[in-house]
Amino acid sequence: VLSSTLPEGVLSFPTEGTLQPGTDTLKFPLCFTACDKLLIEQDDVYYVRVKSQDFRCPVMEDTIDLVIKVIVPENKKPKVFTSPDSPFFYYANDTISIDVIGMDEDMGDLITLTANGDGFDLAEKGMSFKEVSGYDSISSKLEWVPDCDAFENQPYKIVFRVKDNSCIYSHEDSISIVINIQDHESTLADISVPNLITPNGDGLNDVFEIPALKGDMFPDNCEYYYKHVQIYNIWGAKVFESESRQFQWDPKGFPDGIYFYYLNLNKKEVTGWLQIIRGLPPYSY
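Think of each chain on its own: its residues are numbered from 1, step by step along the sequence as written. Confidence filtering applies because this is a predicted model: local features only for residues at pLDDT of at least 70, side-chain atom pairs given and counted only at 80 or more, and all residues used for totals across whole chains, interfaces and linings. As a convention, hydrogens and water are excluded, and side-chain values are obtained from all of the structure's heavy atoms.

*Asks:* Could you give an account of the side chain of Ser140, with specific residues and numbers?
*Replies:* Considering the arrangement of structural elements, one finds Ser140 in strand β11 (residues 137–144). We classify Ser140 as buried; its relative accessible area is 9%. Engagement of the side chain of Ser140 in a polar contact is seen with the backbone oxygen of Lys130, the distance being 2.7 Å. Throughout, a residue-residue contact means that at least one pair of heavy atoms, one from each residue, lies within 4.5 Å. Those residues in contact with Ser140 that lie beyond four places of it in its chain are Ile98, Asp99, Val100, Leu113, Phe129, Lys130 and Val132. Secondary structure elements are taken from DSSP: a helix is a run of H or I of four residues or more, a strand is a run of E of two residues or more, and numbering for both begins at the N terminus. Relative accessible area decides the class of each residue, using a 1.4 Å probe on protein chains only: under 20% of the type maximum gives buried, over 50% gives exposed, and in between gives partly exposed. N or O atoms closer than or at 3.5 Å make up a polar contact, with two conditions inside protein: a donor-capable atom paired with an acceptor-capable one, and, for residues adjacent in sequence, both atoms drawn from side chains.

*Asks:* How would you explain the state of the cysteines if you had to name every residue and give the values?
*Replies:* Put simply, a disulfide is two cysteine sulfurs that come within 2.5 Å. Considering all chains together, one arrives at one disulfide under this definition. A sulfur-sulfur distance of 2.0 Å marks the disulfide that ties Cys148 to Cys222. Taking the sign of the S-S torsion, -80° for the link of Cys148 and Cys222, the bridge is left-handed. Placement of the pair is Cys148 in the loop between β11 and β12 (156–164) and Cys222 in the loop between β14 (196–197) and β15 (224–232), with a sequence separation of 74 residues. Its relative accessible area of 15% is what places Cys222 among the buried residues.

*Asks:* Explain unusual backbone geometry to me, using residue names and the numbers behind them.
*Replies:* Residue Pro84 is bonded to the preceding Ser83 through a cis peptide linkage, with omega at 0°. By the secondary structure assignment, Pro84 is in the loop between β6 (79–83) and β7 (88–91). Gln154 connects to Pro155 through a cis peptide bond whose omega is 5°. Phi angles above zero are rare outside glycine, and Asp136 is one such case at about 70°. Positionally, Asp136 belongs in the loop between β10 (132–135) and β11. A relative accessible area of 32% places Asp136 in the partly exposed class. At Asn205, a residue that is not glycine, the phi angle is positive and equals roughly 60°. Counting through the fold element by element, Asn205 comes out in the loop between β14 and β15. With relative accessibility at 38%, the residue Asn205 sits in the partly exposed group.

*Asks:* So, the nonpolar core: which residues are in play, and what are the values?
*Replies:* Side-chain atoms within 4.5 Å are what join buried Ala, Val, Leu, Ile, Met, Phe, Trp, Tyr and Cys residues into a set we call a nonpolar core. Grouped together as the largest cluster of nonpolar side chains are 27 residues, with contacts concentrated most on Leu142, Ile158, Phe160, Ile179 and Ile181. For this core, the secondary-structure elements that each account for two or more residues are β7, β8 (96–103), β9 (110–117), β11, β12 and β13 (172–182). Top contributing element to this core by residue count: β12, with four residues. Core analysis: the next-biggest nonpolar cluster, separate from the first, contains 22 residues, Ile197, Ile231, Phe240 and Leu274 among them.

*Asks:* Before we move on, could you go through the pattern of salt bridges and cite the residues and values that matter?
*Replies:* By definition here, a salt bridge exists when the distance from a side-chain nitrogen of Lys or Arg to a carboxyl oxygen of Asp or Glu is within 4 Å. In this structure the tally under the stated criterion is 10 salt bridges. Of the charged contacts in the structure, one is a salt bridge between Lys157 and Asp118, with a shortest N-O distance of 4.0 Å. Here the residue Lys157 occupies a position in strand β12, and Asp118 occupies one in the loop between β9 and β10, the gap between them amounting to 39 residues. On the accessibility criterion, Lys157 (35% relative accessible area) is partly exposed. Linking Arg278 and Asp256 is a salt bridge whose minimum nitrogen-to-oxygen distance equals 2.6 Å. Here Asp256 lies in the loop between β16 (238–242) and β17 (257–266) and Arg278 lies in the segment after β18 (269–276), a separation of 22 residues in the sequence.

Structure, rendered in structure tokens:
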């Protein structure tokens, strides 16, 4: 029979056994595993009572009281830090790579580096971080490419922890970082669309296109980005459609006259008319 002032689970101990014929002694291992059960911060004393009983009649018993003194070993606390340092501001679709480093001056200590999102799961957000263990100095990377959905529920607080394998409960260090996602500026909503083409074979203005879409002057962002263009004739029949910013519509086979374009920029729709005139003479210098 075992009783003690230690928390449950610290001691493991067989509760019964049977003597073999011709023997008079049983040995029971009393295992003390305090490291992962006790919140060890200072030296402390615990009491254990072991009672031995047989099951003959009358029952005979004996008791021994043990005193267990837990001594906090000398040990230095590990440290964790990041490179670069916080605060962290990134744009949507940026590639985020943050080095996380754990260090311990006690060369014999095994240390483990972990990461957790504050109120969210890293993997569900598309973030990757590999838990690592080792000695002296260890490192891992937080990697993420946030998309436009990352604007919801931000900023993102992430807690990194390093803990050694000593028996001291507080022998861990933590650092919190906050990641903010911002959008690129874009003037795409103010783009100007030409509305006249002269397909007369002079190589100038022979096709309908939007040159501003092909450069960096009007970049996409999460609010305004090019989705597609459509062109209709005056009877409402669609004659052209493209999802490419590099589109060109050659009106070969279509008569001169008025057409209508529809430009989808996600949060803005740009519509207008377009005229085809083939009767103009080729441009001459």
